[in-house]
Structure formats: structure tokens, C-alpha cells
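Residues per chain are reported as follows:
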Amino acid sequence: MKSELKRKAVHLTGLIVPFFYVYFSREFTLSFLIVVLAVFVILESVRLDAKLREEVKRALKLYIKVEDFERVIEEITRGHERSRIGAHIYFVVGALVVVWFFPDYAVGVIAVAVVSDALASLIGRFGRVRIGSKSLEGFLAYFVSAFLILQWLNYPLTTLIALIGALTELIGVPPDDNFSCQITMGFTAYIFKSIAF
């Protein structure tokens, strides 16, 4: 549980994306996400390649205590991510797609992807009604928090978008819910706006 709390604390840093969108601009946010994605891809390559990682560790030994940093990364990485792309990559790619293609909904969709995902994971751990590997309680935590965020932002179709996001997270739509939830919510909002207007 302690490692999951640390993981979600890191996860909440994703709120910087809607913050930048609101207080700077869409263009600034896109540039920021592209730079972050490039850095993450480089770091992820090092993390997943044991030989390259050892070479980098030897090279950096003179400057930082690599083992401490490595231990923190190991602690917040889930078992299935140790040999595959981490959730942070999927989150950034999803945010990039949403900001690029669904700019009218970017702030709400990304905020939901950060906050509601964290709540679903934490509350879902204590859930008693299991639905596969997830829980009804986690699903409800996602849906209710998503609804409140979208309602607070005065978005149309609040219930529908929140429900789509919660169902996507519950089902675990591939490749990763950190990507899929953003895309399904953004696409749903865009399609229904197009139909309505």
C-alpha cells in the first residue's frame, strides 16, 4: 500500500499538464509534452535495457548515487511494467493526443485521467465487490470523481463522458488505461459535440 501511495503521488504530478494548458497555452502545453515524451523515451530505453543501464550507471557513478534513484523507480513500478513500457509513457502520449485532437476537452479529460485513476486504484484496493481484477467500488470512485471534475468545469455530457472513462478503466482497454481513458473520453466528447452542433 505504501508503494501504491508513492506511485499515485507521482501520478498526481500529471496535473501540471492541465495547469499549463489553462495558465499558458495549448501550444506551450504541446511543446512541453513533446519534450517530456522525448526525455521519458530515453530514460525508458535505459530502464528496459539491462546492459545499457549498467553502462549508464557506471558513467554516472561519479556524479550521483544511482542506486538510490534506481530503488525509488523500482518501488513505484508495478510488476508487469518491469519488462515493458511504463504507464507514464502511455499517459504522456494520451495527453498529447487529447491536446492535439480534442483541445476543447483537454483540461477536463487529463484532470480526470490523473485524479480519477488515482482514486479508483486506491479505493478499489479495499473493494469487496470484485469485477475481474478491479472492483465496483473503484469503478464508482472513478465515475463519481470524473463526474464532479467535469461538472465543475461546466462540460456538457458530463455523465456520459465520466461513464465512458470509468468503463474504460474498469475493462482495462489496451494498450494501457492511462492512454485509453483519455482517448475514449476525448473522442466521445468530440463526437457528441459534432452531432449536437
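Residues numbered from 1 in each chain as written. Predicted model: local features only at pLDDT ≥ 70, side-chain atom pairs only at ≥ 80, totals over all residues. Heavy atoms only, no water.

Trainee: Hey, could you run me through helix α3 (residues 26–48) in this one?
Mentor: For an α-helix the count is 3.6 residues per turn, leaving residues at separations of three or four pointing the same way. Taking 1.5 Å of rise per residue, 23 residues should cover 33 Å, and α3 covers 32 Å from first to last C-alpha, within 8% of that figure. What α3 keeps buried is the set T29, L30, L33, V36, L37, E44, V46 and R47. (Helix = DSSP H or I, 4+ residues; strand = E, 2+ residues; numbered from the N terminus. Expected span 1.5 Å × (residues − 1). Buried < 20%, exposed > 50% of the residue type's maximum accessible area, 1.4 Å probe, protein only.)

Trainee: What should I look at first to understand the nonpolar core in this one?
Mentor: Side chains of a nonpolar character, in soluble globular proteins, are inclined to be buried together. In terms of nonpolar packing, the biggest core is built from 38 residues, with L33, F91, V99, I110, V112, Y142 and M185 touching the most fellow members. Broken down by element, this core gets its largest block of residues, nine residues, from helix α7 (residues 106–124). If sequence neighbours within four positions are ignored, M185 has contacts with V109, V112, A113, Y142, I161, I164 and G165. (Core = buried A, V, L, I, M, F, W, Y, C linked by side-chain atoms within 4.5 Å. Contact = heavy atoms within 4.5 Å.)

Trainee: When you look at a nonpolar patch on the surface in this model, what are you seeing that I'm missing?
Mentor: On the surface, a nonpolar cluster with roughly 620 Å² of combined accessible area is contributed by I16, F19, V22, Y23, F24 and F28. Checked against the element boundaries, F28 lands in helix α3. (Patch = residues over 30% accessible without salt bridge, like charges linked within 9 Å, V, L, I, M, F, W, Y side chains within 5 Å. Areas by Shrake-Rupley, 256 points an atom, 1.4 Å probe, with all protein chains shown as cover. Salt bridge = Lys/Arg side-chain N within 4 Å of Asp/Glu carboxyl O.)

Trainee: I would appreciate a short explanation of the packing of aromatic side chains in the present structure.
Mentor: Aromatic rings in a pair are described by how distant their centres are and how their planes are angled relative to each other. Tallied over the entire structure, the rule returns nine aromatic pairs. Relative to F32, the ring of F20 has its centre 4.8 Å away and its plane inclined at 90°; by these criteria the two rings are edge-to-face. In this pair, F20 is assigned in helix α2 (residues 16–23) and F32 in helix α3, connecting sequence segments twelve residues apart. The structure contains a cluster of three or more aromatic residues connected by ring pairs, namely F19, F20, Y23, F24, F28 and F32. (Phe/Tyr/Trp six-rings, centres within 6.5 Å; stacked < 30°, edge-to-face > 60°.)

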